[in-house]
Amino acid sequence: HSRFRERWGVERPSLRASTSDLSVHGMFVATRRPAEPGSSLRLDVEIAGTTARLDAVVMWTRHEPEDGLPCGMGLRLVHPPPAYADFVTALPT
């Protein structure tokens, strides 16, 4: 599981978070204040020395740690840019 830092928010990416469980179409964002399911978010992630802007929809949330898993939210990415898809597919599994 690769992990990197990002910023996210509803209007603008201003909240810091940690990201893991990346796929071309989604990711998990560990945060103590997840947005509600159905919310549209903007994310700024550092990829290969540049910042990529991603749009996402919150699919599910975990408000309390559960079975050793952190609080956070599962996101579905909306039209991720090719640079993000290339980055994710190049990650070691």
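Look above for the structure.
Heads up: these notes are all about the structure in this document. Small disclaimer: the values here were computed from a predicted structure and weren't measured. (Residues numbered from 1 in each chain as written. Predicted model: local features only at pLDDT ≥ 70, side-chain atom pairs only at ≥ 80, totals over all residues. Heavy atoms only, no water.)

Turning our attention to the overall build of the protein. What the protein contains, in helices and strands, is one helix and six strands. Secondary structure elements of the protein, listed N to C terminal, follow the sequence β-β-β-β-β-β-α. Buried positions account for 41% of the 93 residues belonging to the protein. Looking at the protein alone, contacts between residues at least 24 apart form 45% of all its contacts between residues at least 6 apart. (Helix = DSSP H or I, 4+ residues; strand = E, 2+ residues; numbered from the N terminus. Buried < 20%, exposed > 50% of the residue type's maximum accessible area, 1.4 Å probe, protein only. Contact = heavy atoms within 4.5 Å.)

Attention now goes to the packing of aromatic side chains. In the structure shown here, the tally under the stated rule is one aromatic pair. Pairing Phe28 with Trp60 gives two aromatic rings, centres 5.7 Å apart and planes at 20°, and the pair type is stacked. Of this pair, Phe28 sits in strand 3 (residues 26-30) while Trp60 sits in strand 5 (residues 50-62); the two residues are 32 residues apart in sequence, bridging distant segments of the chain. The class for Phe28 is buried, based on a relative accessible area of 7%. Among the residues examined, Trp60 registers a relative accessible area of 38% and is labelled partly exposed. (Phe/Tyr/Trp six-rings, centres within 6.5 Å; stacked < 30°, edge-to-face > 60°.)

Its place among the elements puts Leu75 in strand 6 (residues 72-78). Residues Leu75 and Ala56 lie 19 residues apart in sequence; the distance between their C-alpha atoms is 6.0 Å. If we ignore the near neighbours within four places in the chain, the residues touching Leu75 are His25, Gly26, Met27, Val29, Leu41, Leu43, Ala56, Val57, Val58 and Met59.

We now examine the pairing of strand 4 (residues 40-47). Bridge count between strand 4 and strand 5: eight bridges; the pairing is antiparallel. Following the sheet pairing, Glu46 is matched in strand 5 by Thr51. Linkage of strand 4 to strand 5, two consecutive antiparallel strands, is achieved through a turn of two residues, within which Ala48 is found at a positive phi near 50°. (Pairing = 2+ DSSP bridges.)

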